[in-house]
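Next come the chains, spelled out residue by residue.
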Amino acid sequence: MADQSKPTELKPSENIDKIELRNLRIEDYRELKSAMIKSYPDWEGAYWKEKQIEILLEKFPEGQLVILIDNVVVGSALSIIIKGDDFEDHHTYKEITGDFTFSTHSPDGNILYGIDVFIRPEYRGLRLGRRLYDARKELCENFNLKAIVFGGRIPHYKDFAETLTPKQYIEKVKSKEIYDPVLTFQINNDFFPIRVLKGYLPGDEGSQDYAIMLQWNNLYYKKVSHAINQKKSIVRLGLVQWQMRPVSGPEQLYDQMEFFIDAVSGYKSDFTLFPELFNAPLMAAYNHLPEAEAIRKLAEHTESIRDKFKEFAIAYNTNIITGSMPYMEDNKLYNVGYLCHRNGKIDMYRKLHITPNEVSYWGMVGGNDVEVFDTDCGKIGIMICYDVEFPELPRIMAEEGMQILFVPFLTDTQNGYTRVRHCSMARAIENECYVAIAGSVGNLPRVSNMDIQYAQSAVFTPSDFSFPANGIKGEATPNTEMTLIIDVDLDLLRELHNYGSVKTLKDRRLDIYTLKRT
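A few points on the structure. This structure is a prediction, so every number in the text was calculated from the model and none was measured. (Residues numbered from 1 in each chain as written. Predicted model: local features only at pLDDT ≥ 70, side-chain atom pairs only at ≥ 80, totals over all residues. Heavy atoms only, no water.)

### A short note on the overall build of the protein chain
Then, number 1: Helix and strand counts for the protein chain come out as 13 helices and 21 strands.
Then, number 2: In terms of overall size, the protein chain is more extended than a compact globule, its C-alpha atoms giving a radius of gyration of 30 Å where 518 residues would be expected to give roughly 24 Å.
Then, number 3: Oriented by its inertia axes, the alpha-carbon framework of the protein chain measures out at about 95 × 45 × 45 Å.
Then, number 4: Looking at the protein chain as a whole, 50% of its 518 residues are labelled buried.
Then, number 5: Long-range contacts, defined as pairs at least 24 residues apart, comprise 70% of the intrachain contacts of the protein chain with a sequence gap of at least 6.
Then, number 6: If you sum the accessible surface of the protein chain, you get close to 24600 Å²; carbon and sulfur atoms cover 48% of it. (Helix = DSSP H or I, 4+ residues; strand = E, 2+ residues; numbered from the N terminus. Rg over C-alpha atoms; globule rule 2.2 N^0.38 Å. Buried < 20%, exposed > 50% of the residue type's maximum accessible area, 1.4 Å probe, protein only. Contact = heavy atoms within 4.5 Å. Areas by Shrake-Rupley, 256 points an atom, 1.4 Å probe, with all protein chains shown as cover.)

In structure tokens:
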């Protein structure tokens, strides 16, 4: 049977002149004691002694919060810092507080442990508890603590103890079949149950001596390290909107490559992205040959261009995504690119889906590997042009931790560009990631099948309150040679994944469909 009790009705706000949330002071003690007595009417003597409050303020003044209405304390949240490993297993309230002496407080700990939170009954319904919990979360973030943990009471469990186990009770509260004034509130504030504690607070009749260990994870927590080269949360992307122009040979192409790499590295870009088949100007020397032969001659330059990119990645301290180039292997023609890490490592990626044009003119074939690459700025995926129009591939990458998807592309008309653009925007939303696309502009009148280009390079984002409303972080001027420098915040992706307005990755119905590699 569902619990029909409801939260306390909202107190008319017009009767309140001022609400203040601040740190507790010892001179607040008398009002604090009064608020506790009113908050726990069924527990005689359930209030902190003045000496105990003095100890808390001496050990951790920042962790003691009060909320005042018209200058009177009506609620409080008290906390200590503990070492998580010391209290991972079962513990009692008495143990966690050091027999109420707070000797368990450790300034070097990594967990903010909530030891009390209460609001006077006549002021419940004004969401004052939410303010206290939001302040606790801010405190946890400011102190770079891993999580907030506490033992939460389940005061309505006494009404269901004969028919439900604590585990069953928790599930019914989570599914809204039962309302519990404490547990429902905590779940609504993004806390999740991790353990049932028996005998946590002896004398808690409503909870039948049970408590639920609840936890909220700090998405911004970073393990303290004095090492250099730690992964960044803010990553700078440099996109090259490449002008297709005739070149006299490879050296002139290298000069143009270096010009752009120098330009974006001057802004300390972590990644530099080139377009698909940006090296097509070199095909002009083979325009007298059939298209299929000409592009195979172009493939002869691929490894030397790759080596030049590696040299530039190291010299200019930027990770370079080389767009794509034709590549011959086992007498088959592939469309491939390289991730040239600034530490000298090289990874290859291949276009998987080949367009009808690439098949008919060049006899190109697709690769077979879907990969996520680990870099010094997080995990990235790379998909060449047409590949981004197949949503299964980036979803696999997202499941493997991809945070940024790079898409070098080559389109000759606005129709083709529109497909790449809108599919890339969709991939950003559905996979909760950033998507950067870079293409070429201009024309190559002496290169068959590569004569005209259309592009507008851009960086797309998910669409939620922390991101641009239109899902566009930045975009280049259409059909103009230029660079685009954009910063993306990886922490916002973690926040979106856990607390977004919608959670496209978490809310998938994996009970009725799955996606897996073959």
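Having put the structure on the table, let's press on.
### Digging into the pairing of strand β11 (residues 325-329)
Then, number 1: The pairing of β11 with strand β12 (residues 332-340) spans 5 bridges and is classified as antiparallel. Directly across from Met-328, in β12, lies its bridge partner Leu-333.
Then, number 2: In sequence, β11 turns back onto β12 through a hairpin of 2 residues, with Asp-330 there showing a positive phi of about 55 degrees. (Pairing = 2+ DSSP bridges.)

### Comments concerning the packing of aromatic side chains
Then, number 1: The final tally for this structure, using the stated rule, is 27 aromatic pairs.
Then, number 2: Ring plane angle 75 degrees and centroid distance 5.2 Å describe the contact between Phe-259 and Phe-260, whose orientation is recorded as edge-to-face.
Then, number 3: Residue classification places Phe-260 among the buried residues on the basis of a relative accessible area of 3%.
Then, number 4: Taken together, the ring pairs in this structure connect Trp-242, Phe-259, Phe-260, Phe-274, Phe-278 and Phe-309 into an aromatic cluster.
Then, number 5: Between Lys-198 and the ring centre of Tyr-210, over which it is positioned, the NZ or CZ distance is 4.3 Å. (Phe/Tyr/Trp six-rings, centres within 6.5 Å; stacked < 30°, edge-to-face > 60°. Lys NZ or Arg CZ within 6 Å of the ring centre and 35° of its normal.)

### Quick notes on the sheet that holds strand β17 (residues 434-438)
Then, number 1: Taken in spatial order, the 6 strands of this open sheet run β14-β15-β16-β17-β19-β20, and their pairing is mixed. Only two strands of the sheet have a single partner each, and these edge strands are β14 (373-375) and β20 (472-475). On average, each strand axis in the sheet is inclined to that of its neighbour by 20 degrees, with strand direction left out of account.
Then, number 2: The sheet contact formed by β14 and strand β15 (residues 378-382) spans 3 bridges and is antiparallel. Counted as the bridge partner of Thr-375 is Gly-378 from β15. (Axes fitted to C-alpha atoms, helices over the stretch in contact; angles between N-to-C directions.)

### Observations regarding the pairing of strand β13 (residues 346-350)
Then, number 1: Burial along β13 is one-sided: the residues Asp-347 and Tyr-349 are buried and none of Ile-346, Met-348 and Arg-350 is.
Then, number 2: Strand direction decides the pairing type here: β12 and β13, joined by 5 bridges, are antiparallel. Pairing of Leu-339 across the sheet is with Asp-347, part of β13.
Then, number 3: Joining the antiparallel neighbours β12 and β13 is a turn of 5 residues, in which Gly-344 adopts a positive phi near 105 degrees.

### Section: helix α8 (residues 291-298)
Then, number 1: Within the span of α8, buried status applies to Ala-294, Ile-295 and Leu-298. With its buried residues spanning 95 degrees around the axis, α8 presents them on a single face.
Then, number 2: Tucked into the core, α8 has its buried residues touching α9 (302-316), β11, β12 and α10 (356-362). (Arc of directions from axis to C-beta.)

### Quick word on the state of the cysteines
Then, number 1: Under the counting rule described, the total for this entry stands at 0 disulfides.
Then, number 2: Here Cys-423 stays unpaired: no disulfide links it, and the sulfur of Cys-385, its closest cysteine neighbor, is 10 Å away. (Disulfide = S-S within 2.5 Å.)

### Considering the nonpolar core
Then, number 1: Of all hydrophobic cores here, the largest spans 54 residues; its most connected members are Leu-32, Ile-53, Leu-112, Tyr-113, Ile-115, Tyr-169 and Tyr-200.
Then, number 2: Sequence-distant contacts of Tyr-169, that is, excluding residues within four places in its chain, are made with Ile-154, His-156, Tyr-157, Phe-160, Leu-164, Ile-178 and Asp-180.
Then, number 3: Among the nonpolar cores identified, the runner-up in size contains 53 residues, and Leu-237, Val-370, Ile-396 and Ala-398 belong to it. (Core = buried A, V, L, I, M, F, W, Y, C linked by side-chain atoms within 4.5 Å.)

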